[in-house]
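Examination of the molecular architecture
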Amino acid sequence: MKILAVYSIKGGVGKTATAVNLAYLACQEGAKTLLCDLDPQGAAGFYFRIKPHDKYSAKKLLKGGSHLEDGIRATDYPGLDVLPADFSYRNIDIALDERKKSSRRLVKVLQPLGKEYDRIVLDCPPNLTLLSENIFNAADIILVPMVPTTLSLLALKQLYDFLDNMSSGREKVRVFFSMMERRKKMHQQMVQATQNKQGVLSASIPHCADIERMGLHRQPVAVTLPGSIATAAYRSLWRELTSGEL
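Anyway, here's the lowdown on the structure attached to this text. Residue numbering note: each chain is counted from 1, following its sequence as written. A pLDDT threshold of at least 70 governs which residues receive local features in this predicted model, and a stricter bar of 80 or more applies before side-chain atom pairs are shown or counted, although totals over entire chains, interfaces and linings include all residues. Just so you know, side-chain values use all the structure's heavy atoms and leave hydrogens and water out.

**Some points on the overall build of the chain**
In terms of regular secondary structure, the chain is built from 13 helices and 8 strands. We take the radius of gyration over the C-alpha atoms and set the globule estimate at 2.2 Å times the residue count to the 0.38 power. At 17 Å, the chain has a C-alpha radius of gyration in line with the 18 Å of a compact globule built from 246 residues. With the principal axes as the frame, the chain shows a C-alpha extent of 50 × 40 × 30 Å. Burial statistics for the chain: of 246 residues in total, 52% are counted as buried. Residue contacts are defined here by distance: any two heavy atoms, one from each residue, within 4.5 Å place the two residues in contact. Considering only residue pairs separated by 6 or more positions, the chain has 77% of its internal contacts joining residues 24 or more positions apart. In the form shown here, the chain has an accessible surface area of approximately 11700 Å², with 48% of it arising from carbon and sulfur atoms. The charge count treats Lys and Arg as positive and Asp and Glu as negative. His and the chain ends do not count. To locate a charge, take atom NZ for lysine, CZ for arginine, CG for aspartate or CD for glutamate. Side-chain charges in the chain split into 33 positive and 25 negative, and the spacing between the mean points of these groups amounts to 1 Å. We count a stretch as a helix when DSSP gives it H or I for four or more residues in a row; a strand needs E for two or more, and each element gets its number in order from the N terminus. To sort residues, take the accessible area from a 1.4 Å probe on protein chains only and compare it with the maximum for the residue type: under 20% means buried, over 50% means exposed, and anything in between is partly exposed. Throughout, the Shrake-Rupley method with a 1.4 Å probe supplies accessible areas, and for residues the shown protein chains are the sole cover considered.

So, in structure tokens, the structure goes:
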């Protein structure tokens, strides 16, 4: 089992759209896939028309085992399941802090799922917290969407600093440009400045209305518009990831 965490300190960078589309592409390749929504907003579950069970909560996630498995829901796509987020996740750091070895609790919770799933995709909340540390410990790859702006570079530096303080994890980071507009000079300059840097992928996701409309269709863009530029971009990103360590 491989775990891919789609993570960014910044919100509004296309993180959830990426997690949803890559999870769909993974199952289309025949990998039994779980999309685990860790963001209390629950957007990943929304895209698949899935809500958490009434009695599901952050505490049940952290208990793991049958408590977690009972929260997993099937999607309309064979081979793809979703563990939707509950709004109680907003207090998950408090629940984590009450447990022993709290920075590795997510590792212990997710590990048994390897019997059922080939890949787990984590849609992560935009912050740096104890949950973030759990995510970094659990993930095989930390995939970071970055809008080509100065503030995004600052956020990436903050992530690297955090990982360095953990003394591990920097080598797991893979960065790609999201919401890319090639007609913008700043975007072009940012891409040129980071070309060939370690951990920066060549695939990028364009800023386009097809991705924004996912919220209306509540489907991966690869389902609604399989021949679109956006779908081709997600496929390129997925191929680049799977041709390496994932």
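**A word on the pattern of salt bridges**
Only one rule defines a salt bridge in this text: a Lys or Arg side-chain nitrogen within 4 Å of an Asp or Glu carboxyl oxygen. Within this structure, the stated rule accounts for 8 salt bridges. Put simply, glutamate 116 and lysine 32 hold a salt bridge, and the shortest N to O gap is 2.7 Å. Taken together, the positions of glutamate 116 in the loop between helix H6 (105–110) and strand S5 (119–123) and lysine 32 in the loop between helix H1 (15–28) and strand S2 (33–37) put the pair 84 residues apart, joining distant regions of the chain. Given the relative accessible area of 45%, glutamate 116 is considered partly exposed. The residue aspartate 161 makes a salt bridge to lysine 157 at a minimum N-O spacing of 2.9 Å. Taken together, the residues aspartate 161 and lysine 157, both in helix H8 (residues 150–166) and 4 residues apart, mark about one turn of the helix. According to the relative accessible area criterion, aspartate 161 is partly exposed, its value standing at 33%. Given the relative accessible area of 48%, lysine 157 is considered partly exposed. Three or more residues are tied together by salt bridges with common partners; here these are Lys15, Asp39 and Asp123.

**Structural notes on the environment of proline 125**
Inspection of the secondary structure assignment puts proline 125 in the loop between S5 and helix H7 (130–138). Overall, the relative accessible area of 5% leaves proline 125 in the buried class. Sequence-distant contacts of proline 125, defined by excluding residues within four places in its chain, comprise Tyr7, Ser8, Leu38, Asp39, Pro40, Leu131 and Ile135.

**A few points about the pairing of S5**
Burial of S5 is extensive: 5 of the 5 residues sit out of reach of the surface. Of the two faces of S5, both are covered, the one formed by Arg119, Val121 and Asp123 as well as the one formed by Ile120 and Leu122. Paired strands, in this sense, are two strands between which DSSP finds at least two bridges. Both strand S1 (residues 2–6) and S5 contribute to a ladder of 5 bridges, which runs parallel. Paired with valine 6 across the bridge in S5 is aspartate 123. Pairing between S2 and S5: 5 bridges, direction parallel.

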